[in-house]
Amino acid sequence: MKKIEAVIRPEKLDILKARLDEIGYPGMSVTEIRGHGKQRGVVHQFRGTEYKTSFLPKIKVEIVVPDAQVKKLIDGISEVCKSGTVGDGKVFVTTVENAVRLRTGESGDIAVS
């Protein structure tokens, strides 16, 4: 199993949720986060004074899937979240050793299906 963590722009969340529903991934965990990458924040101007926002709002979407479905999921995320500009986000893939569905006690791939 793999855990997909996608850090995306907040305005892309509803579009991503709809896309994931279409391709068969209705379940996800969503966290509001703040951070910056290479852009190191944004400089704003207000009433003639510049100020810098170092940490920008982002959304982290987490989904655990069987190994065979990783490419399909990453392709779906990329389709809707990629605009080609700095700040689109990143997708991280990590290995999950096991998962257990608390209600039934099922474990492994069946627990995340």
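For the structure, check the block above.
A short tour of the structure in this document, coming up. Small disclaimer: the values here were computed from a predicted structure and weren't measured. (Residues numbered from 1 in each chain as written. Predicted model: local features only at pLDDT ≥ 70, side-chain atom pairs only at ≥ 80, totals over all residues. Heavy atoms only, no water.)

1. Quick word on the overall build of the protein
Across its full length, the protein carries three helices and six strands. A principal-axis box enclosing the C-alpha atoms of the protein has dimensions of 60 × 25 × 20 Å. Buried positions account for 32% of the 113 residues belonging to the protein. For the protein, long-range pairs separated by at least 24 residues make up 70% of all intrachain contacts whose partners lie at least 6 apart in sequence. Of the roughly 7600 Å² of accessible surface on the protein, 52% is carried by carbon and sulfur atoms. Put simply, the protein has 19 plus and 15 minus side-chain charges, and the middle of one group is 6 Å from the middle of the other. (Helix = DSSP H or I, 4+ residues; strand = E, 2+ residues; numbered from the N terminus. Buried < 20%, exposed > 50% of the residue type's maximum accessible area, 1.4 Å probe, protein only. Contact = heavy atoms within 4.5 Å. Areas by Shrake-Rupley, 256 points an atom, 1.4 Å probe, with all protein chains shown as cover. Lys, Arg positive; Asp, Glu negative; His and termini not counted. Charge placed at Lys NZ, Arg CZ, Asp CG, Glu CD.)

2. Notes on the environment of Gly27
Tracing the backbone shows Gly27 in the loop between helix 1 (13-22) and strand 2 (29-35). Owing to a relative accessible area of 45%, Gly27 belongs among the partly exposed residues under this scheme. Residues Gly27 and Val112, 85 residues apart in the sequence, show an inter-C-alpha distance of 9.3 Å.

Scope: geometric values only; no functional claims are made or implied.
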